[in-house]
Amino acid sequence: MAIENQVTYPLDEAVDFVIIGSGSAGGILAKELSVNGFKVVVLEQGPFRTAEDFTHDSVAVSAFGELSGGGNDNHQQTFRRDDTEVAEAPAQRGPAFYAQTVGGSSVHYTGNFWRLREIDFKERSLLGPISGTNFADWPISYAELEPYYTRVDWEIGVSGAPGPNDSFRSRPFPMPPFPIKSSGVLMERGAKKLGLNAQPEPHAILSKPLNGRPACINCGFCMGFGCEVNAKSSTLAAMIPDAIASGNCEIRAECAVFRIGTNDIGRADEVFYYDPDGNERSQKASAVIVSANGAETPRLLLNSASAQHPDGLANSSGFVGRNLMYNSHANVKSVFEQPLNDYKGVQVSRIVHDFYESDPKRGFYGGGGIDARPFAAAVPFMFSMIGARPGGPTWGADFKANLEHDFTRSMYLFCGATSIAQDRNNVTIDPTHKDRWGRPSLRITYRDHDDDLAIAGFLQDRAAEIAEAAGADHVWKLPYGYQNGGSHLLGTCRMGDDPTSSVVDKYHRAHDVENLFLCDGSSMVTSGRGQPTMTIKALAFRAAEHIMAAARNNAV
């Protein structure tokens, strides 16, 4: 769609910043830089949709990838378990799953929204090394990031209440948590019997009106769908309008970047892309910020190799693309005697964080959270595809009877946990596949660490105990194992003080290219416990502050 009343910049005149990607980080950076007077062009390969463009069409969204670029036929992403295999392109969803739209995956995320805790930033120092991994401390602390978490709460919009073991916060939540749902009541019941604490789940969704946006209408279409009322706190709803209104930001939608150019002294000075008609264009820039996500950011840097940067842009360390982390996951399905009707409202109202920290007594690294949600039973179409009882019929009258009975009576306990950074888990360039624009495709190599599987299994066992204690008629531990894809794309251009083992410094400036900044999930050093997006947004607010200070001091 056309974007009304936005500035238009000439291609051959350098703007202050070109930002590649408009999602959780890129949207914040665009708003912060533009409202503070910097000239900004945002290049987003997906279309510009507004709230009125979002629907509840489950087939279009869930089956045909309406918000994610139309499936892997277009992306041609490839996957392999290790470097002895020839990577193949899955027929449907690729191994890096994300939205292609202005606002990025903040448009279709579920909105569960934890902060990291103090422990996440310094685990390596406290626990020691883990053999064969790149387990490391962050170069920043929770205390340094806390003011920016607070900005996310109040400027993006987060509803919630503090839990018993949460890290300190300098300001309360701006909105109360959502009312407890049936799944939350049952989780509280089961957790209490086991001596555990079920606390309110924070959401990047408005429980009350905030900053001119309306409250949630409880339609239930949060997971994977765009919000038709702008209650979900996407950068599309909360940041992009201010960026455009500043008169300093141009959003160029449906523009796919294929290379970042550098001048004769190695500085980034031009961004090359395909416009909506498939024509090659380029935009001159004084500085470039890449916020394309933890898979597409390293892909672009590797595809921007040149004589001055033969191994890829900003890759003298060899760490571009390394240390991919998905977060580990497991799931428990349960069915109760009475209808729960848990499909209404936000996905999650209660979560158990008693197992957040790693415990050496378990014999393996890792921690995480367990939440109660409808999951597959949120949308009838999804339930018809993946909601069948494990071991039960998958066709015929009994199959349909089970679906009819179980849809309103199902509760899933979803386990989100840590992943460990490893060299073997990485993003590289596929030697044979290309996407629909002709760009060399990304290739993901991934095999979960044994500890990742162990913590997923540990949490699944605890989740099954909660479901049983809550009085479920049936409880199934759903199969889990080595992952072949994910939507949490973390760690592939990690921040650090040492240029030989990181890609950007603690202010997101590339060690190798002084006017190139990288800020998204790729910057993260550890995976957190299953919900990284709030941290990505906090990092973006912090990065914007430091980038602006450097620019004003002519240090970019």
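Structure: above.
Residues numbered from 1 in each chain as written. Predicted model: local features only at pLDDT ≥ 70, side-chain atom pairs only at ≥ 80, totals over all residues. Heavy atoms only, no water.

Caption draft 1: Focus on the sheet that holds strand β12 (residues 410-417). Strand order across the open sheet formed by six strands is β4-β10-β11-β12-β9-β15, with antiparallel pairing between neighbours. The sheet terminates laterally at β4 (198-200) and β15 (474-477), the two strands that pair on one side only. For this sheet, the mean angle separating the axes of adjacent strands, direction not counted, is 25°. Taken together, the three bridges between β4 and strand β10 (residues 350-352) define a ladder with antiparallel strand orientation. Its bridge partner lying in β10, Ala198 is registered against Val352. Against the sheet, helix α6 (residues 182-193) touches β4, β10, β11 (368-373) and β12, its axis set at about 30° to β10. (Pairing = 2+ DSSP bridges. Helix = DSSP H or I, 4+ residues; strand = E, 2+ residues; numbered from the N terminus. Axes fitted to C-alpha atoms, helices over the stretch in contact; angles between N-to-C directions. Contact = heavy atoms within 4.5 Å.)

Caption draft 2: Representation of the pairing of strand β1 (residues 15-20). Most of β1 is tucked away, with five of its six residues classed as buried. Where β1 meets strand β2 (residues 40-43), four bridges bridge the pair, whose relative direction is parallel. Among the inter-strand pairings, Phe17 is bridged to a residue of β2, identified as Val40. As a crossover connection, the stretch from β1 through helix α1 (residues 26-35) into β2 is right-handed. (Buried < 20%, exposed > 50% of the residue type's maximum accessible area, 1.4 Å probe, protein only. Right-handed = clockwise from strand over helix to strand, strands pointing away.)

Caption draft 3: Structural view of the packing of α1 against helix α5 (residues 142-157). It is the contact of α1 with α5, at a shortest axis distance of 13 Å, that shows an interaxial angle of 85°. Considering the angle they form, α1 stands roughly perpendicular to α5. Across from Ile28, Lys31 and Glu32 in α1, the residues of α5 making contact are Arg151, Glu155 and Ile156. Per-class residue counts for the contact of α1 with α5 are two nonpolar, no polar and four charged. (Parallel < 35°, antiparallel > 145°, perpendicular 65-115°, else oblique. Nonpolar A, V, L, I, M, F, W, Y, C, P; charged D, E, K, R; others polar.)

Caption draft 4: Fine view of the side chain of Arg439. Assignment of secondary structure puts Arg439 in the loop between β13 (426-434) and β14 (440-445). Looking at Arg439, its side chain comes within polar contact range of the side chain of Gln45, at 2.8 Å. Once residues lying within four places of it in the same chain are set aside, the contact partners of Arg439 are Gln45, Ala256, Val257, Phe258, Tyr274, Arg299, His433 and Lys434. (Polar contact = N/O pair within 3.5 Å; in protein donor to acceptor, adjacent residues only side chain to side chain.)

Caption draft 5: Quick look at helix α11 (residues 396-406). Those residues of α11 that fall on the buried side of the exposure criterion are Phe399, Leu403 and Asp406. Seen from one end, α11 has its buried residues packed into an arc of 80°, which puts them on one side. Projecting away from the buried face of α11 at angles above 90 degrees are the exposed residues Ala397, Asp398, Lys400 and Glu404. (Arc of directions from axis to C-beta.)

Caption draft 6: Seen up close, the nonpolar core. The biggest cluster of nonpolar side chains holds 94 residues, and the ones touching the most others in it are Ile20, Ile260 and Leu516. In this view, Ile260 contacts Ile20, Ala268, Glu270, Val288, Val290, Leu300, Leu301, Ser304, Leu313 and Leu516; residues no more than four positions away in its chain are not counted. Counting residues in each nonpolar core, the second largest holds 27 residues, with Leu340, Phe355, Ala372 and Ala470 among its members. (Core = buried A, V, L, I, M, F, W, Y, C linked by side-chain atoms within 4.5 Å.)

Caption draft 7: A look at the pairing of β2. Going residue by residue along β2, you find Val40 and Val42 tucked away on one face and Val41 and Leu43 tucked away on the opposite face as well. Of the strand pairs in this sheet, β2 and strand β5 (residues 249-252) are connected by four bridges, and their pairing is parallel. Residue pairing across strands places Val40 opposite Cys249, the latter belonging to β5.

Caption draft 8: Just helix α13 (residues 533-552), in detail. Between its terminal C-alpha atoms α13 stretches 29 Å, which fits the 28 Å expected from 20 residues at 1.5 Å a residue. Burial within α13 is extensive, with 16 of its 20 residues counted as buried. Immediately downstream of α13, the backbone of Asn554 shows phi near 55°, a positive value. (Expected span 1.5 Å × (residues − 1).)

Caption draft 9: Focus on the sheet that holds β14. Overall, mixed pairing links the three strands, which are arranged β3-β14-β13 in an open sheet. The sheet is open, and its two edges are formed by β3 (78-80) and β13, each paired on a single side. Each neighbouring strand pair of the sheet contributes to a mean axis angle of 35°, computed without reference to strand direction. The sheet contact formed by β13 and β14 spans five bridges and is antiparallel. Its bridge partner being in β14, Asn426 is matched across the sheet by Thr445. Running over the sheet, helix α9 (residues 296-303) touches β13 and β14 and is turned about 65° from β13.

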